[in-house]
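Here's the letter readout for the chains.
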Amino acid sequence: MKYIVRALKYFVYISLIVTIILAVLVALKLVSSDINVMFRNGWGSILQIALMFLAVSAIYPKFGYTKRGVRIPGSYAEIRDGIVSFMEERGYELETEEGENMTFRLRNKFNRAARTWEDRITLTRELAGFYMEGISKDVARLASALEFKFRNPET
C-alpha cells in the first residue's frame, strides 16, 4: 500500500510542477493558452504526457527508496545519544522511539514538502547495528556518515 501511495504522490507532484510551469509560460505570454496550439496533438498530447508521468511515478518508488544495513558497534544505551545528535546535526528530529527502533523526520517544512512528505528515516535495530530505511540518496549519505562517526568517535 505504501508503494501505491508513493507512486500517486509522485504522479500528482510531477503533474503539478508541469502545470505550474505551463501556467507561468502562458501568463508571461510565451506560449498560447490554447491547448491545440500549445501541443502538437492538443488534448491527445496531454493524455500521452499523463501516461508518461504515470509510468515514471509507478517505477520511481522502486528505485527511490531503499533499506540498508548500518554497522554500529555497542549497546543501544551507549550509541543512542550519538545517533540522535548525529541526525539532529543533519536537520532531522526524532519522531518516534519504540524500544530500540527510531524514526526521524526533517525539521525544515520546505524540505519536507519538496520530498512530498516522504522524508522519514527509520532505524530498525538488528544484531550488528541498524537497518536504515528511507529515500535512497538520504540513506546512502546518512548511513555512510553514521558508520564513519561510530568507527572514528574522535571526529
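Above: the structure in question.
A few points on the structure. (Residues numbered from 1 in each chain as written. Predicted model: local features only at pLDDT ≥ 70, side-chain atom pairs only at ≥ 80, totals over all residues. Heavy atoms only, no water.)

Each α-helix winds once per 3.6 residues, and so residues spaced three or four apart point in a common direction. Between its terminal C-alpha atoms helix α1 (residues 2–27) stretches 37 Å, which fits the 38 Å expected from 26 residues at 1.5 Å a residue. Buried residues of α1: R6, A7 and Y10, and no others. Next to the buried residues of α1 lie α3 (43–64) and β1 (65–71). Downstream of α1 by one or two residues, K29 has phi in the positive range, about 60°. (Helix = DSSP H or I, 4+ residues; strand = E, 2+ residues; numbered from the N terminus. Expected span 1.5 Å × (residues − 1). Buried < 20%, exposed > 50% of the residue type's maximum accessible area, 1.4 Å probe, protein only. Contact = heavy atoms within 4.5 Å.)

This part covers the pattern of salt bridges. Proximity of charged atoms lets side chains of opposite charge pair with each other. Under the criterion given, the structure shown has twelve salt bridges. Note that E118 and K9 form a salt bridge whose closest N and O atoms lie 3.0 Å from each other. Within this pair, whereas E118 is found in the loop between α5 (109–114) and β4 (121–126), its partner K9 is found in helix α1, the two being separated by 109 residues in sequence. According to the relative accessible area criterion, K9 is partly exposed, its value standing at 29%. Here D119 makes a salt bridge to R105, at a shortest N to O gap of 2.8 Å. Within this pair, whereas D119 is found in the loop between α5 and β4, its partner R105 is found in strand β3 (residues 101–106), the two being separated by 14 residues in sequence. On the accessibility criterion, D119 (1% relative accessible area) is buried. Look at R105 and you get buried, because its relative accessible area is 9%. A cluster of three or more residues bridged by salt bridges with shared partners is formed by E95, R105, R112, D119 and R120. (Salt bridge = Lys/Arg side-chain N within 4 Å of Asp/Glu carboxyl O.)

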